[in-house]
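Structural characterization, general
Here's the letter readout for the chains.
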Amino acid sequence: MGRGLRPLAAGALVAAGTFALATARVFAPPTTAAAGPGDPYRGELVFERACASCHGRSGEGGVGPRLAGSGLTAAQVTLRVRQGGGVMPAGLVSGQEEADVVAYVVSLAAP
Amino acid sequence: MAPASVADVYTDLATAVFSSTIAAKAWLATGAFALVFVQLATAARIYGRLRFLPRRGRAVARLHRWSGRAAFALTLPVFFHCVTILGFQTPDARVAVHSLAGTFAYGVFAAKVLVVRDRALPGWALPAAGIALASTLGLLWLTSALWYFTRVRFGL
């Protein structure tokens, strides 16, 4: 291999490794289940910190859509938290915080 | 340690300082991006293109090395969260561009480090590698932190 190609080859190798890691998402929480039972009371604190600026303190809506009374299920909320959507970034919270905030949003969303 | 608990530990650490993991990433990336300008300015001075810093001074070279190390260190938590938790995603153009640039970021960094150490390469190789790395980091910042600050919220 030509000497000048070594940095390019090394860079390509590192990029390939990064892509493999990103595809594997080795530390991503499981997609089928939350990290643990969600606690809506702790979730309210997470919601105030991470969600209320867009969805309103009581989920009444704002920049983000209305959540209160929307009938969203835990699976729908979890998916949106993980994948984001519109102006909402993916992964705003994760792990136990995600489980807690999902439990809280589901309680808000009950019609 | 189970993957979910690794994510939990990371979340706890990030939210000890910042309001959310995404805010932590945005600010750490902003710190790294600010250091990119230090890198560009000191590199330009080392090459004699800027004159407001001491020419060929060891201080300039030291500042260049340490700002690069600090920028790299700031990107590590961002890399961890983006690559091992969020992963490669393509739900829209912004995220797709960000994922693609992020995939190549450490590859460009590795190439640049090797170019620095190889004195047999032509003179244009190092500036080209440095500009490629700065451009990649700039693109990553534009498609993440700037977007977050302007479209979601500006704050810790």
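Quick caveat, the model's predicted, so the values are computed rather than measured. (Residues numbered from 1 in each chain as written. Chains lettered and ligands numbered in written order. Predicted model: local features only at pLDDT ≥ 70, side-chain atom pairs only at ≥ 80, totals over all residues.)

**Overview of the overall build of chain A**
- Scanning chain A from terminus to terminus reveals five helices and zero strands.
- Reading chain A from its N terminus to its C terminus gives the helix and strand order α-α-α-α-α.
- A buried classification covers 36% of the 111 residues belonging to chain A.
- The contacts in chain A between residues at least 6 apart in sequence include a share of 70% that link residues at least 24 apart. (Helix = DSSP H or I, 4+ residues; strand = E, 2+ residues; numbered from the N terminus. Buried ≥ 20, exposed ≤ 12 C-beta atoms within 10 Å, placed from the backbone. Contact = placed C-beta atoms within 7 Å.)

**A word on the environment of Ala-26 of chain B**
- Position of Ala-26 of chain B among the secondary structure elements: in helix H2 (residues 21-46).
- Once residues within four sequence positions are removed from consideration, Ala-26 of chain B is found in contact with Ser-144, Ala-145, Tyr-148 and Phe-149 of chain B.

**A short note on the packing of H2 of chain B against helix H5 (residues 125-142) of chain B**
Residue and element names in this part refer to chain B.
- In the contact formed by H2 and H5, the axes pass within 10 Å of each other and the chain directions differ by 155°. Classified by the angle their axes make, H2 and H5 are roughly antiparallel. Here the hand of the crossing between H2 and H5 comes out left-handed. On H5, the residues touching Ala-29, Thr-30, Ala-32, Phe-33, Val-36, Gln-39, Leu-40 and Ala-43 of H2 are Gly-130, Ala-134, Leu-137, Gly-138, Leu-140 and Trp-141.
- Of the residues that constitute the contact of H2 with H5, the class distribution is 10 nonpolar, four polar and no charged. (Axes fitted to C-alpha atoms, helices over the stretch in contact; angles between N-to-C directions. Parallel < 35°, antiparallel > 145°, perpendicular 65-115°, else oblique. Left-handed = near helix turned anticlockwise from the far one by under 90°. Nonpolar A, V, L, I, M, F, W, Y, C, P; charged D, E, K, R; others polar.)

**Things to note about the interface of chain A and chain B**
- With 36 residues of chain A in contact, the opposing surface of chain B contributes 34 residues.
- Of all the elements in the fold, those that place two or more residues in the side of chain A that touches chain B are helix H1 (6-24), helix H2 (40-50) and helix H5 (95-109) of chain A.
- The element best represented in the side of chain A that touches chain B is H1 of chain A, accounting for 13 residues.
- A breakdown of the residues in the side of chain A that touches chain B according to their chemical character gives 21 nonpolar, 10 polar and five charged.

**Thoughts on the environment of Tyr-104 of chain A**
Residues and elements named next belong to chain A.
- Topologically, Tyr-104 is positioned in helix H5.
- When the 25 C-beta atoms within 10 Å are taken as the criterion, Tyr-104 is described as buried.
- Each C-alpha atom, one on Tyr-104 and one on Ser-53, is 16 Å from the other, the two residues being 51 residues apart in sequence.
- Setting aside chain neighbours within four positions, we find Tyr-104 in contact with Pro-40, Gly-43, Glu-44 and Phe-47.

**Describing H1 of chain A**
- Between its first and last C-alpha atoms H1 of chain A spans 27 Å; for 19 residues at 1.5 Å apiece the expected length is 27 Å, and the two agree.
- Those residues of H1 of chain A that sit buried are Pro-7, Gly-11, Ala-15, Thr-18 and Ala-22 of chain A. Within H1 of chain A, the buried residues cover an arc of 65° as seen down the axis, which keeps them to one side. Exposed side chains of H1 of chain A directed beyond 90 degrees from the buried face belong to Ala-16 and Thr-23 of chain A.
- Buried residues along H1 of chain A sit against helix H3 (58-86) and helix H4 (93-117) of chain B.
- Looking one or two residues past H1 of chain A, Arg-25 of chain A carries a phi angle of roughly 45°, positive in sign. (Expected span 1.5 Å × (residues − 1). Arc of directions from axis to C-beta.)

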